[in-house]
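# Report on the structure
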Amino acid sequence: MPELSDWCATIFDHGETAWREYRSAAWYVERLRAEGFTVEEGSGGMPTAFCAEWHNAAGPVVGMYAEYDGIPGNCQAAVPYQAPREGLNVHAGGHTDPHSGLGIGALGGLLATKAAMEKHGIKGGLRFTGEPAEKVRGSKPIHAAKGYYDGLAGMLSFHPFYMLPMCNTVRWDTHCGAAYSVIYRFICDQPENWGMRDGAPIPQAHNAVRAPGANDALNLMYTSSKTLRDSMLPHSGGWSISEAILTAGQATADNLPAALADINYMMRVPTIEMAEQVIAGLDRNARAAAEMTGCRYERHWVAKSRPGLANHAMANLVWDVMQAVGPPVWPENGLEMGREVQRNLGLPATPDPFIDALTRLQDPHEAEAILRRSLPPEQLHSTSDDYTDMCWHTPTARFYVARPALRAPSGSAIPAWAMNALGGIPATIDPMVQTAAKVCAASALRLLEDADARARAMDEFTQRTGGGIGGENWIPPLCDYEPPLDFRWPEYVTTPRGFDWWFPAGG
């Protein structure tokens, strides 16, 4: 489908970030409706999510999905040199993985599957969900809890990748782990009570001492959690905690305590139990920080995401397709664009600018063995992505198609802008998108036409969950919260100055 190139460039240029992907979601909704899908906008109570359905008859239904959120601080134009997109600065949002190619690759597979069903009379249906805020594991726990993945014959989960062993392969046993994301909000709404003695409140003069406020509480939370991080979990097991300050204090300088401050923590861990242990530690730190500064605090959930569930029948089905389709192949104009990036990095241009792993398939069993070398035997999950919530509602295959990545000469490193640019330049990203679309379509058609393959996948799902949805080994959705929409997530704004990032391009 030649249109995929332009579509991918469109989403890449939007560069929208978590919970604020308004233009990207609207584009998908319009496109899907034009292709004959019935689309629910704002699915799961999330304004930038959607759920599209198409059926030509009663029969099995296959699921696919798009992600389209980028990351703040990674604004890069689709050019072979470092430059933000026009009218913005580098601090604006941009696609890193790139989710622009992820979503369009899956969409291409979806539309190719629909065309084949119509042409050959293959009965059944397709479901395509729009998944915002993957970078904070946002939408899929919510969609899962509200039933959007129920009733499917299978789910196809594609992601771009470039590093061994998870390049041009399918995950086997070791799927992604659990993840919790939470916002701690500190509120200073009674500063006059700070340090009261004999009933005398603190003075309010600008040259007098002031009460500590929400900024002070946030700083104490930040530093104490950094200090105690090594004690929250063992020094093994593949876990991480990262933080982002969303709101900090007042807009102008004055001798008044900051009234409000938000900090977001993201925990990526192999198990739910480990996530709960980290939350308990962070809760203690938040209580202490609030008490020390005369503030109060609130805890707001962003994500509570389950670890993944393997399905060998689905993995084998997709792996058979990947072997028939083959890895991406970069034509000469794509290779030359890679060389141009090399030159602009001050590196020698090479005949084969991309790393070798991109152009060969990786057997899933061999990939599993390589992955296990760096993991303790008792660790059953590794790395992070919220496709894992789909796995508990339908047989799911997680597969990776190579995205362009430059080889780095010994002693050098490739900067983030170069990776981001390669994910947006049509000549370098289109081979990945086209290959992913083929794998999605051929896998979906196999599921729709092969009753035995569907039965094997569902039998394995039932066995692993101890009876399917609700079974004795099934992990129910963890989502017991509403979508975290009303926080100061970074976003684009329109002001009298025009369209801009949330702080101006001149900043």
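Scroll up for the structure.
Residues numbered from 1 in each chain as written. Predicted model: local features only at pLDDT ≥ 70, side-chain atom pairs only at ≥ 80, totals over all residues. Heavy atoms only, no water.

### With respect to the packing of helix α1 (residues 3-14) against helix α3 (residues 99-120)
Each packed pair of helices is defined by two parameters, the angle between the axes and the distance between the axes. Selection criterion: Axes here mean lines fitted to C-alpha atoms, for a helix over just the part in contact, with angles spanning 0 to 180 degrees between N-to-C directions. What counts as a helix is a DSSP run of H or I of at least four residues, what counts as a strand is a run of E of at least two, and both are numbered from the N terminus. Crossings are sorted by hand: turned counterclockwise from the far helix by less than a right angle, the near helix makes the crossing left-handed, and turned clockwise it makes it right-handed. For this analysis, residues touch if any pair of their heavy atoms sits within 4.5 Å. Three classes are used, and their members are as follows: Ala, Val, Leu, Ile, Met, Phe, Trp, Tyr, Cys and Pro are nonpolar, Asp, Glu, Lys and Arg are charged, and the others, Gly among them, are polar.
One way to put it is that α1 packs onto α3 with a least axis distance of 9 Å and a crossing angle of 145 degrees. Where α1 crosses over α3, the two elements pack in a sense that is right-handed. Along the contact surface, α1 presents Leu4, Trp7, Cys8, Ile11 and Phe12, while α3 presents Ser100, Gly101, Ile104, Leu107, Gly108 and Leu111. Across the contact of α1 with α3, the residue classes tally to eight nonpolar, three polar and no charged.

### A word on the sheet that holds strand β6 (residues 125-131)
Heads up, the rule is: Note on pairing: DSSP must find at least two bridges between two strands before they are called paired.
The mixed open sheet is built from seven strands, whose spatial order is β1-β2-β6-β3-β7-β13-β8. Only two strands of the sheet have a single neighbouring strand rather than two, namely β1 (38-41) and β8 (169-170). Judged from the seven bridges that link them, strand β3 (residues 61-67) and β6 form a sheet pairing that is parallel. Opposite Gly63, over in β6, you have Arg127 as the bridge partner. Sheet contacts for α3: β2 (50-55), β3, β6 and β7 (154-161); angle to β3, the most-contacted strand, approximately 150 degrees.

### A few points about the nonpolar core
For clarity, the threshold we go by: In plain words, nonpolar cores are sets of buried Ala, Val, Leu, Ile, Met, Phe, Trp, Tyr and Cys residues tied together by side-chain atoms within 4.5 Å. Under the scheme applied here, a residue whose accessible area is under 20% of the maximum for its type counts as buried, over 50% as exposed, and between as partly exposed, the area being computed with a 1.4 Å probe on protein chains only.
Counting residues in each nonpolar core, the largest one holds 72 residues, and the members touching the most others are Tyr28, Ile104, Leu107, Phe128 and Phe399. Per element, the largest residue contribution to this core is 11 residues, and it comes from helix α11 (residues 426-449). In contact with Phe128, other than residues within four places in its own chain, are Tyr28, Leu32, Phe50, Cys51, Ala52, Met64, Tyr65, Ala66, Gly103, Ala106, Leu107 and Leu110.

### A look at the sheet that holds strand β10 (residues 240-248)
The four strands are arranged β10-β11-β9-β12 in an open sheet whose pairing can be described as antiparallel. Two strands bound the open sheet, and with one partner strand each, they are β10 and β12 (296-305). The average angle at which neighbouring strand axes cross in this sheet is 15 degrees, direction not considered. Summarising the sheet, strand β9 (residues 178-187) and strand β11 (residues 260-269) pair through 10 bridges and their orientation is antiparallel. Residue pairing in the sheet places Phe186 in a bridge with Ala261 of β11. In this fold helix α6 (residues 272-293) packs onto β9, β10, β11 and β12, with an angle of close to 10 degrees to the strand it touches most, β9.

### Describing the pattern of salt bridges
In plain terms, the rule: Put simply, a salt bridge is a Lys or Arg side-chain nitrogen that is within 4 Å of an Asp or Glu carboxyl oxygen.
For the structure shown, the criterion picks out 28 salt bridges. Here Arg296 and Glu298 are joined by a salt bridge, their closest N and O atoms 3.4 Å apart. Take Glu298: its relative accessible area is 26%, and that puts it in the partly exposed class. Ionic pairing is found between Arg339 and Glu336, a salt bridge with its closest N-O pair at 3.0 Å. Here Arg339 and its partner Glu336 are both found in helix α8 (residues 332-344), three residues apart, which amounts to about one turn of the helix. Judged by relative accessible area, which is 30%, Glu336 ranks as partly exposed. Salt bridges here are not isolated pairs; linked through shared partners, they connect Glu332, Glu336, Arg339, Glu340 and Arg343.

### Observations concerning the pairing of β3
Within β3, seven of the seven residues are buried, leaving the element largely enclosed by the surrounding structure. Taking every second residue as pointing to the same face, both faces of β3 are buried, with Val61, Gly63, Tyr65 and Glu67 on one and Val62, Met64 and Ala66 on the other. As paired strands, β3 and β7 are joined by two bridges and run parallel to one another. Bridge assignment links Gly63 to a residue of β7, and that residue is Met155.

### Some thoughts on the packing of aromatic side chains
Put simply, the rule reads: Between the rings of Phe, Tyr and Trp (Trp by its six-membered ring), a pair exists once the centres lie within 6.5 Å; its type follows the angle of the planes, with under 30 degrees stacked, over 60 edge-to-face, and the other angles tilted. In this analysis the charged atom, NZ for Lys or CZ for Arg, is taken to sit over a ring once it is within 6 Å of the ring centre and within 35 degrees of the ring normal.
Under the defined criterion, the tally for this structure stands at 16 aromatic pairs. Among the aromatic residues, ring-to-ring pairing joins Trp7, Trp27, Tyr28, Phe50, Tyr68 and Phe128 into one connected group. In this arrangement the basic side chain of Lys304 is found over the ring face of Tyr180, its NZ or CZ atom lying 6.0 Å from the centre. A cation over an aromatic ring shows up here: Lys304 above the ring of Trp301, its NZ or CZ 4.6 Å from the ring centre.

### A few points about unusual backbone geometry
Omega for the peptide link from Asp97 to Pro98 comes to 0 degrees, which places this bond in the cis form. Following the sequence through the fold, Pro98 ends up in the loop between β5 (93-94) and α3. Looking along the chain, the bond that leaves Leu164 and enters Pro165 is cis, with omega of 5 degrees. With respect to the helices and strands, the residue Pro165 is situated in the loop between β7 and β8.

### Overview of the pairing of strand β14 (residues 492-495)
Note: β14 against strand β15 (residues 498-501), four bridges, orientation antiparallel. From the neighbouring strand, Thr494 faces β15, where its bridge partner is Phe499. Hairpin connection between β14 and β15: a loop of two residues separates the two successive antiparallel strands.

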